[in-house]
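# Examining the three-dimensional arrangement
Here is how the chains run, residue by residue.
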Amino acid sequence: MTIDRVKSEIQDVRAELIAHDAFTWVDSLEKAQHFMEYHVWAVWDFMVLLKGLQRELTCTDMYWVPKGNAAVRRLINEIVWGEESDEDQDGRAMSHFEMYLEAMEEAGAQTAPIRNFIVDLQNGIEPKVALAKSHAPSGAKSFVASTLEVVERGQPHEMAAVFTFGREDLIPDMFMEIVAGLKAKFPDKLARFTYYLERHIEVDGDVHGHLAEQMVEQLCAEDENKWLIARDASQAALRARITLWTTVLNSFEELHLA
């Protein structure tokens, strides 16, 4: 199997996700707030997936020794650098997750559930326990739980496929519609959110997406079983994202019908 075959075999579910109503639905400040309160959990578990890859593919021990393929090490470290220590719109070094939290606060979205969850993790509570006791929306909990299972299995080719085709590869297509409408409507409340989205489009569309595909190719190489796992994991990740977005829309409607 090859990277092009994987992309071909996941194309239908990928197209279904990109065509999801969520990407034209966010047309008011209230909807943007609701969207962000779900999506921030995916922003966090994206970092977990990324750091899981770094842990598996590079040496993070106190006493360094060469580990794995040097080309793969470079790929993952470049992506980590961009995601964990980018610059915000004011030129401050900041992770994309921290940018997102500031964007939520500017927009008036609720950040207490995700912030309390992070405090629990910092206090040593096991992630699945912290997630279960958190006040995350149920759809977000399910999405994060599926990502944690991938990370816990610790198979680099599986994690890389989910990262590339279930997350990184989709960001430019998914967010283009949102950016187009929001910038003019809510310049004061959604300036930081718009910057975050535009930054992802710029970085993931031009740099990280290409690097991530190279990483999958390097990790699967000539192993057909690894390619099959990569394909199946990518499809599962795409379907999990579809379910998440559907939950965002349905829960908003339920709130306004109550």
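Structure shown above.
As the structure is a computational prediction, the values presented were derived from the model and not from experiment.

### A word on helix H5 (residues 70-84)
- A rise of 1.5 Å per residue sets the reference length of H5, with its 15 residues, at 21 Å; its end C-alpha atoms lie 21 Å apart and thus fit the reference within 8%.
- Along H5, the positions that sit buried rather than exposed are Val 72, Arg 73, Leu 75, Ile 76, Ile 79, Val 80, Gly 82 and Glu 83.
- Here H5 starts with a cap whose side-chain oxygen sits 2.7 Å from the backbone nitrogen of Ala 71, and that cap is Asn 69.

### Remarks on the side chain of Arg 199
- If you trace the backbone, Arg 199 turns up in helix H12 (residues 191-220).
- At 2.6 Å, the side chain of Arg 199 forms a polar contact with the side chain of Asp 86.
- Ignoring any residue separated from it by four or fewer positions in sequence, one finds Arg 199 in contact with Asp 86 and His 96.

### So, helix H10 (residues 156-165)
- The element H10 is largely enclosed, with a buried count of 10 among its 10 residues.
- Residues Pro 156, His 157, Glu 158, Met 159, Ala 160, Ala 161, Val 162, Phe 163, Thr 164 and Phe 165 constitute the buried set of H10.

### What about the nonpolar core?
- With 84 residues, the main nonpolar core has Phe 35, Trp 41, Phe 97, Tyr 100, Phe 163, Phe 193 and Met 215 as its most contacted residues.
- Ranked by residues supplied to this core, first place goes to helix H4 (residues 29-57) with 15 residues.
- Once residues within four sequence positions are removed from consideration, Tyr 100 is found in contact with Phe 35, Met 36, His 39, Val 40, Val 43, Phe 193 and Tyr 196.

### Observations regarding the pattern of salt bridges
- This structure, assessed with the given rule, holds 19 salt bridges.
- Linking Lys 133 and Asp 120 is a salt bridge whose minimum nitrogen-to-oxygen distance equals 2.9 Å. In this pair, Lys 133 sits in helix H8 (residues 127-133) while Asp 120 sits in helix H7 (residues 112-122), placing the two residues 13 residues apart along the sequence.
- With a relative accessible area of 14%, Asp 120 lands in the buried category.
- Here the salt bridges share partners, and the residues they tie into one network are Asp 88, Asp 90, Arg 92, Glu 102, Glu 106 and Arg 192.

### Looking at the side chain of Thr 194
- When you line up the elements, Thr 194 lands in helix H12.
- Exposure remark for Thr 194: the relative accessible area of 5% places this residue in the buried category.
- There is a polar contact of 2.7 Å between the side chain of Thr 194 and the backbone oxygen of Leu 190.

Thresholds, definitions, all that
Residues numbered from 1 in each chain as written. Predicted model: local features only at pLDDT ≥ 70, side-chain atom pairs only at ≥ 80, totals over all residues. Heavy atoms only, no water. Helix = DSSP H or I, 4+ residues; strand = E, 2+ residues; numbered from the N terminus. Expected span 1.5 Å × (residues − 1). Buried < 20%, exposed > 50% of the residue type's maximum accessible area, 1.4 Å probe, protein only. Polar contact = N/O pair within 3.5 Å; in protein donor to acceptor, adjacent residues only side chain to side chain. Contact = heavy atoms within 4.5 Å. Core = buried A, V, L, I, M, F, W, Y, C linked by side-chain atoms within 4.5 Å. Salt bridge = Lys/Arg side-chain N within 4 Å of Asp/Glu carboxyl O.

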